[in-house]
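Observations on the model geometry
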Amino acid sequence: ELDRLKDEFVAVASHELRTPLAAVYGAAITLRQQDLDTKARDSMLDLIFHQSDRLARIVNDVLWASQLESGRLGTTIEKCDGVELADEVLVEARARLPDGASLELVASGSVPAVEADVEKLRRVLVNLVDNAVKYSPEGGRIRVEIEPADGHVRFAVQDEGLGIPASEQERIFDKFHRLDPNLQRGVSGTGLGLYICRELVLQMNGRIWVESELGAGATFSFELPVAD
Ligand code: ADP
């Protein structure tokens, strides 16, 4: 089973890398023409921006996954302000939000600090917010809610996308597992993002899960221990 998954991964990853690379290359060739008008230039630059961003994400996922695999990833647990960190992640994510989509942070003033590894917590939030953006319809609303929950702090990322069938809600956290393409709006990916989230949350002594109804969006939640 794992061998089959690995072969599939090599195929997906090489396709995933090739497509944006070809797009960037094509855009660069077009930009070399002297007679392009401003509009055409802007759209080529936009394409280069988005496709290199996509490449960087794939490379990031592969690096995190291979570090997890090798057991080389140390964990530095310290007291972190989850709300402040989420705010930083959202500011970055808003910069590449599709037109009409919105991304809001909801947190009461009294959310306690958590025990976490800052870089790991940042990665989990980035991956969940990225997915919410990727798998939402245009103009979808995304909410990140942070609240105290019985000795823990709960982070929830809620979208209005296509949702995830009950039978798949555990498996999507497995390495390389992706839903049927019909349930993905044709969005591509490596199937590593949620696997990375699950492993990182476990390393920080937390838990992660999804609640969703098909066609009615998904809410990915995770909890981390409160720092004292
Ligand atoms: P990737 O997005 O690279 O495929 P992930 O591990 O992040 O990998 O996600 C695994 C699969 O779970 C995705 O391929 C997609 O089918 C599904 N999925 C993840 N997040 C969402 C979401 N917010 N809404 C609907 N489906 C999702």
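To start, this report covers the structure provided alongside it. Everything numeric here is computed off the predicted structure, so don't read it as measured data.

Judged by nonpolar contacts, the single largest core of 50 residues is most densely connected at Leu121, Leu128, Phe155, Phe220 and Phe222. In terms of residues, this core owes the most to one element, helix H4 (residues 118-134), which gives eight residues. Sequence-distant contacts of Leu128, that is, excluding residues within four places in its chain, are made with Val157, Leu194, Cys197, Ile208, Phe220 and Phe222.

Below, the discussion takes up helix H5 (residues 193-203). Gly193, Leu194, Tyr195, Ile196, Cys197, Leu200 and Val201 are the residues of H5 that are buried. On its buried face, H5 is in contact with helix H2 (38-70), H4, strand S6 (207-212) and strand S7 (218-225). Once H5 ends, the next one or two residues include Asn205, with phi positive near 65°.

Let's shift gears to the packing of H2 against H5. H5 packs onto H2 with a crossing angle of 45° between their chain directions and a minimal axis gap of 10 Å. Considering the angle they form, H2 stands oblique to H5. In the crossing of H2 with H5, the sense of the turn from one axis to the other is left-handed. Facing H2, whose interface residues are Asp61, Trp64, Ala65, Leu68 and Glu69, H5 presents Gly193, Tyr195, Ile196, Glu199, Leu200 and Gln203. Of the residues contributing to the contact of H2 with H5, the split by class is six nonpolar, two polar and three charged.

Quick notes on the rules
Residues numbered from 1 in each chain as written. Predicted model: local features only at pLDDT ≥ 70, side-chain atom pairs only at ≥ 80, totals over all residues. Heavy atoms only, no water. Core = buried A, V, L, I, M, F, W, Y, C linked by side-chain atoms within 4.5 Å. Buried < 20%, exposed > 50% of the residue type's maximum accessible area, 1.4 Å probe, protein only. Helix = DSSP H or I, 4+ residues; strand = E, 2+ residues; numbered from the N terminus. Contact = heavy atoms within 4.5 Å. Axes fitted to C-alpha atoms, helices over the stretch in contact; angles between N-to-C directions. Parallel < 35°, antiparallel > 145°, perpendicular 65-115°, else oblique. Left-handed = near helix turned anticlockwise from the far one by under 90°. Nonpolar A, V, L, I, M, F, W, Y, C, P; charged D, E, K, R; others polar.

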